[in-house]
Amino acid sequence: MLPPNSLILITGATGHIGSCTLLHLLRAGHRVRAAVRSEAKIAAVLARPQIQALNLGSRLTFTVVPDITAAGAYDNAVQGVTHIIHIASPLATSGVPPDQHDAYYIQPAVRGTMSMLEAANFGGTVRRVVITSSFVALVPVAVMEGAKKRDRRRPVTPNDRIPFIKGPYHSEFAAYAASKVASLRAAEEWMERERPAFDVVYLHPGFVLGRNDAAKTHAQAMQGTNSAVLALLLGKKFGPYAGATVHADDVARAHVASLNPAVLGNQSYILSQPTRWNDARKIAEREFADAFKTKALVKGGSVATMHLPIDTSLTDETFGFTFASYEEQVKSVVSHYLELRAQRISGVHMVAPNSHSHSHAVPSKQDVVVSVTAIAC
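Note that the structure is a prediction, hence the values are computed from the model and not measured.

**Some words on the sheet that holds strand β6 (residues 199-205)**
Part 1 of the argument: Read across the sheet, seven strands follow the order β3-β2-β1-β4-β5-β6-β10 without closing on themselves; strand pairing throughout is parallel. The strands lining the two open edges of the sheet, one partner per strand, are β3 (60-64) and β10 (267-271). Ignoring strand direction, the axes of neighbouring strands in this sheet form an average angle of 20 degrees.
Part 2 of the argument: Of the pairings in the sheet, the one linking strand β1 (residues 8-11) to strand β2 (residues 32-36) comprises four bridges and is parallel in character. Counted as the bridge partner of Thr 11 is Ala 35 from β2.

Right under this line is the structure:
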């Protein structure tokens, strides 16, 4: 439990993981200060129905940090803060030229993390920082993409580390992965060198799947990691990708639980479980049969799976809750996509599994344009 006067600073609250974590923090009764990049982002957060449904009073406040790479970027944001959840970092985005990978991915990820740690040290009130790292900081990209085999007798552990490799990179995903490797290394080296009064918990989620409340349209729902499942169910064939996924709600729960001093600090925790991507087909066919009849979803897609053994024993022992199954992850992703799609086409506001409220409109060409290069974990 946290003291009643605790104040939690969160970054990245306008993204998939951040929006879910913010909601979990507020539902748990915490006082939260959200660092966002603009006044418009504040309005977007406050406009979410899930936020409006809470009786927040003064429990949610905001601070604007336009540039997380600027010197002293978070100095004002950390004033009076006791705990920090640092999620903000560049995500894999298609269309970034290789000669801009360092400026777009590496520098913001590293500098943003360093700015936060330096501000926390300068402020003097922070007791713990929770940093959202990634599974790709523990496993080489070549293995994640199936280009290189890994000894199946040796599972991925939270203490695994891989070297940082400078660009140019062959893909946005590789550049994103390098940014996670670089920021983790920079944070651990800084903690070892400076030995501040606070500790750090590093969380390493796999491919994060689940309802994204930051998405307002079905096209936005197809962005990020959720696009892997949705592209598969819209007939795309691609991969392989490592079979390592986790529900967004579980990632959020782990972030909130990591604030508890009973959780060992200066330690990494893997948030993931083994997955076979193509299992999404039979799950969707069973749970959303009507969507296939109306062609809101289509058959024929495939995502090859790179199987990786994962040692989550430390995570299981520390957090003590059962992670949602891949079936629950898929149902969360698909139901939200269909809900948003139905709103666009026919004004339907809720679509449940096996519901008869799916629109009978055939998806347009735009509906099935899904960027599978923007998958990140």
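**Quick look at the UniProt feature "domain: Ketoreductase" (unreviewed entry) in the protein chain**
Part 1 of the argument: The positions UniProt marks with the feature "domain: Ketoreductase" (unreviewed entry) are residues 6-193.
Part 2 of the argument: Taken end to end, residues 6-193 has its terminal C-alpha atoms 27 Å apart, with 39% of it in helix and 12% in strand.

**Examining the packing of helix α1 (residues 16-27) against helix α9 (residues 248-257)**
Part 1 of the argument: Interaxial distance between α1 and α9 falls to 8 Å at its minimum, and their mutual angle equals 55 degrees. Of the possible angle classes, the one that applies to α1 and α9 is oblique. The chirality of how α1 crosses α9 is right-handed. Contacts from His 16, Ile 17, Cys 20, Thr 21, His 24 and Leu 25 in α1 reach Ala 248, Asp 249, Val 251, Ala 252, Arg 253, His 255 and Val 256 in α9.
Part 2 of the argument: Per-class residue counts for the contact of α1 with α9 are seven nonpolar, four polar and two charged.

**A short note on the nonpolar core**
Part 1 of the argument: Membership of the largest hydrophobic core comes to 83 residues, with the highest contact counts inside it found for Tyr 74, Val 229 and Leu 297.
Part 2 of the argument: Once residues within four sequence positions are removed from consideration, Val 229 is found in contact with Leu 209, Trp 277, Ala 280, Tyr 326, Val 330, Val 333 and Val 334.
Part 3 of the argument: One finds Leu 2, Ile 85, Val 201 and Leu 203 within the second-largest nonpolar core, a separate group that totals 33 residues.

**A closer look at unusual backbone geometry**
Negative phi values dominate among residues other than glycine, just as trans dominates among peptide bonds.
Part 1 of the argument: Here the amide bond leading from Gly 167 into Pro 168 is cis, since omega sits at 5 degrees, within 30 degrees of zero.
Part 2 of the argument: Inspection of the secondary structure puts Pro 168 in the loop between α5 (141-144) and α6 (172-194).
Part 3 of the argument: A cis amide bond links Gly 239 to the next residue, Pro 240, at an omega of 10 degrees.
Part 4 of the argument: Position of Pro 240 among the secondary structure elements: in strand β8 (residues 237-242).
Part 5 of the argument: A positive phi angle, near 45 degrees, is found at Arg 195, a position not held by glycine.
Part 6 of the argument: Mapped onto the fold, Arg 195 is located in the loop between α6 and β6.

Rules and cut-offs
Residues numbered from 1 in each chain as written. Predicted model: local features only at pLDDT ≥ 70, side-chain atom pairs only at ≥ 80, totals over all residues. Heavy atoms only, no water. Pairing = 2+ DSSP bridges. Helix = DSSP H or I, 4+ residues; strand = E, 2+ residues; numbered from the N terminus. Axes fitted to C-alpha atoms, helices over the stretch in contact; angles between N-to-C directions. UniProt positions renumbered as here; feature names shortened; annotations may be inferred. Parallel < 35°, antiparallel > 145°, perpendicular 65-115°, else oblique. Left-handed = near helix turned anticlockwise from the far one by under 90°. Contact = heavy atoms within 4.5 Å. Nonpolar A, V, L, I, M, F, W, Y, C, P; charged D, E, K, R; others polar. Core = buried A, V, L, I, M, F, W, Y, C linked by side-chain atoms within 4.5 Å. Buried < 20%, exposed > 50% of the residue type's maximum accessible area, 1.4 Å probe, protein only.

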